[in-house]
Amino acid sequence: MTQILQVSKLNKRFGGVTVARDIDFALDEGAMHCLIGPNGAGKSSFFRLLLGEHAPDSGTITFRGRDITPLRSFQRIREGISVKFQVPGIFKALSVRQNLQIAFQHHLHGASLTETVRRVLEFTSLTAEAATPAGVLSHGQQQWLEIGMAVGVEPRLLLLDEPTAGMSPDETRKTGEMLHDLNARGITILAVEHDMAFVQQIAHSVTVLHMGAIFAQGSIDQITAHPGVQEIYLGAADE
Amino acid sequence: MSRAEALDALAAPARSRARQWLSRLEGPQTMGRGPAFWVAMAAVVLAAAVYPLFSNDYTVGNAAYFLVWTFMAMGLGVVWGYCGALSFGQTAFFGLAGYAYGVITINIGSAYGLTWLALILSVGLGAAFALLIGYFMFYGRIKGVFIGIVTLSVTLVLETFMAQTAGPQWAIGTARLNGFNGMSGMPPLTVPWFGGDVVLYSGTALYYVLLAMVVIVYLGLRMLLNAPFGNVLVAIRENPERTEMLGYDIRLYQMLAFGLGGALAGLSGALYTAWGQYITPSSMGLTSAALPIVWVAVGGRRDITATLLGSVLVIAGFQALTIYGSQYALVVMGALLVFTVMVTPDGVVATLMQRLGRIFGKAGR
């Protein structure tokens, strides 16, 4: 299968803290992959390195065959990467419709923009809230809105940082269904997630990060059965 | 296809674009829509147009003075209210363009409408300088309160520099800069006309020209702010990180907005010099730099209509108060700013407009 993302020997230090240590990582096109690890493992830093918010000390990031390491964040987004942050990254003072228009107007205009906004409102179950200021939506709805903003222009790779943080079980289940739907449409998904039940619902494969390095990789069953993972993460979470 | 049909087919995209821009006179980034709003706006413009018929040339000249400043206020509204970058130094571009107008017109004269060329060049200089400062600020990742500190520093440096240009060596061509006393003797705007130029001294004729310019700039800004460009500025104000992660080069947008603000401040500066045939370094000083912030905050920085109306009202009020002393007027301006921040943080005029909108069932945006 074609690899959409390849990370090679990625290193990053902040003073005495190493947040990425010789990371070699590859993601197949069409995959649904989860990154897990204890707090401080370097998951969010890895995302920020992928997005260009931090420049690596060494190593390369290749996306769809192109070295994107020197590109700035907005240029990486234009290459086909999209992101949903942990804290909903929406424009709270603007209406839901405006949020979506701003998200898509870079790529779409006129009737196609209007149609895409309508389609995403439907997909995210926010049609009735189109004129509502985004800041007054429930937490789950804000998360969905941001997912809608991230996928409306059909990126090739969607990065999700704890997409279900703060959601009710019902909202979490619905979010999982949304992600399966997006994946079926050909969007590769890489998610940082703590909720192991959710990871089991969505992930084809899992990578465990620990102290800035890849600790283990495999299917969800392999990872949950891995004694080292149990010790550093799953076991620790139970304590 | 007949020739007429071919010409029509060629003109159709242009007509469609014109319709699209006109439709942006109303939109999510500007308050006011529907016939009631536009009738009210037309009434305000009509009242402003007939006002000179019931007044004298001197008083109308003072009203023209109020209009001169509105361009800088609207520019600050774009930079601060829409894009979220509080510039404390719009007076740098105001002063630079004001001096440029003086230097250019003193050197090239006022025949053949050359004063308008000087006006355009001065505005261009203000915009270019703002783009340069904006480039270093935004690509240098300066944000928040530091934008205010940098821009204030720029205007104070310019003031200090111009204040020490008193000697005869400080001349550009035949134009002496004159240090702290300022430049004077430049010609006002002139319109070439059959049988002799029409000179726009600070009276009724200049008032009408300025009124027309205010209307054009205001409507132009409404269209721009409701266009995709304006949407991105608002998005940057609300959440710059998210905006960048939607694929926008936010630094470029911030720089362009700052350049637009600089151009409009420059327009005010050049018109101010043309109005009074006089400009001094104090036009770039601390007091001058602070006043536009009061006008825009009191009016309502996040809506261009509120900014415009509020600025005219506050400037007129400030001028009326200076009869009793300029320090006294400044204290009142300070108190007005504190009142706004504490009671109506969205701006007095903007809040009133929102309430009127609710009463009449046309809640603005």
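Everything below is about the structure shown above.
All values derive from a computational prediction rather than experimental measurement. (Residues numbered from 1 in each chain as written. Chains lettered and ligands numbered in written order. Predicted model: local features only at pLDDT ≥ 70, side-chain atom pairs only at ≥ 80, totals over all residues.)

1. Points about the overall build of chain B
Broken down by element type, chain B carries 14 helices and 6 strands. Seen through its C-alpha atoms, chain B measures out along the principal axes to roughly 60 × 60 × 45 Å. Burial statistics for chain B: of 365 residues in total, 48% are counted as buried. (Helix = DSSP H or I, 4+ residues; strand = E, 2+ residues; numbered from the N terminus. Buried ≥ 20, exposed ≤ 12 C-beta atoms within 10 Å, placed from the backbone.)

2. A few points about helix 4 (residues 90-108) of chain B
Residues and elements named next belong to chain B. The first and last C-alpha atoms of helix 4 sit 27 Å apart over 19 residues, in line with the 27 Å expected at 1.5 Å per residue. With 17 of 19 residues buried, helix 4 lies mostly within the body of the structure. Positive backbone phi, at 80°, marks Gly109, one or two positions downstream of helix 4. (Expected span 1.5 Å × (residues − 1).)

3. Remarks on the sheet that holds strand 5 (residues 66-67) of chain A
Residues and elements named next belong to chain A. The 4 strands lie next to each other as 2-1-4-5, forming an open sheet whose pairing is antiparallel. Strand pairing shows two members of the sheet lacking a second neighbour, strand 2 (17-28) and strand 5, which therefore form its edges. In this sheet, strand 2 lies alongside strand 1 (residues 3-14) in antiparallel orientation, the contact comprising 8 bridges. Pairing of Arg13 across the sheet is with Thr18, part of strand 2. Against the sheet, helix 1 (residues 43-51) contacts strand 1, strand 2 and strand 4 (58-63), and its axis sits at roughly 65° relative to strand 2. (Pairing = 2+ DSSP bridges. Contact = placed C-beta atoms within 7 Å. Axes fitted to C-alpha atoms, helices over the stretch in contact; angles between N-to-C directions.)

4. A look at the interface of chain A and chain B
Taken together, the contact between chain A and chain B spans 19 residues of the former and 16 residues of the latter. Secondary-structure elements contributing two or more residues to the side of chain A that touches chain B are helix 2 (73-78) and helix 3 (96-104) of chain A. When its residues are assigned to classes, the side of chain A that touches chain B shows 11 nonpolar, 6 polar and 2 charged. (Nonpolar A, V, L, I, M, F, W, Y, C, P; charged D, E, K, R; others polar.)

5. Description of the environment of Gly185(B)
Residues and elements named next belong to chain B. Position of Gly185 relative to the elements: it lies in the loop between strand 3 (183-184) and strand 4 (190-191). Note on Gly185: 12 C-beta atoms within 10 Å, which makes it exposed. Put simply, Gly185 and Thr105 are 80 residues apart on the chain and 9.5 Å apart in space, counted from C-alpha to C-alpha.

6. As for unusual backbone geometry
All names here are of chain A. You will see that Arg64, though not glycine, has its phi angle at about 50°, which is positive. Tracing the backbone shows Arg64 in the loop between strand 4 and strand 5. Using a count of 16 C-beta atoms within 10 Å as the deciding quantity, one classes Arg64 as partly exposed. One non-glycine residue, Ser125, lies in positive phi territory at about 60°. Residue position: Ser125 is located in the loop between helix 4 (110-123) and helix 5 (139-151). Accessibility expressed as a C-beta count within 10 Å gives 14 for Ser125, which makes it partly exposed.

7. Section: helix 3 (residues 57-82) of chain B
For an α-helix, the turn length of 3.6 residues means that residues three or four places apart are oriented alike. All names here are of chain B. Under the 1.5 Å per step criterion, the end-to-end length of helix 3 is 37 Å for 26 residues, consistent within 8% with the ideal 38 Å. Of all bends in helix 3, the biggest is about 25°, found at Thr70. Gly84 sits one or two residues past helix 3 and shows a positive phi near 80°. (Bend = angle between axes of the 7 residues up to and from the residue.)

8. Observations regarding the pairing of strand 4 of chain A
All names here are of chain A. Strand direction decides the pairing type here: strand 1 and strand 4, joined by 5 bridges, are antiparallel. Across the sheet, Val7 pairs through a bridge with Ile61, a residue of strand 4. Pairing between strand 4 and strand 5: 2 bridges, direction antiparallel. Among the inter-strand pairings, Thr62 is bridged to a residue of strand 5, identified as Asp67.

9. Regarding the sheet that holds strand 6 (residues 81-84) of chain A
In a beta sheet, neighbouring strands pair by backbone hydrogen bonds and run either parallel or antiparallel. Residues and elements named next belong to chain A. Read across the sheet, 6 strands follow the order 6-7-8-3-9-10 without closing on themselves; strand pairing throughout is mixed. Looking at which strands have only one partner, the edges of the open sheet turn out to be strand 6 and strand 10 (213-218). Between one strand axis and the next, the sheet turns by 20° as a mean value, whatever way the strands run. Pairing of strand 3 (residues 32-36) with strand 9 (residues 205-210), which is carried by 4 bridges, proceeds in the parallel orientation. Following the sheet pairing, Ile36 is matched in strand 9 by Val208.

10. Some details on the pairing of strand 3 of chain A
Put simply, side chains in a regular strand alternate between the two faces of the sheet. Residue and element names in this part refer to chain A. Strand 3 sits mainly inside the fold: 5 of its 5 residues count as buried. Side chains Met32, Cys34 and Ile36 of strand 3 all project onto a buried face; the interleaved residues His33 and Leu35 project onto the opposite face, where all are buried too. Alignment of strand 3 against strand 8 (residues 188-192), held across 4 bridges, turns out to be parallel. Across the sheet, residue Met32 finds its bridge partner in strand 8, namely Ile189.

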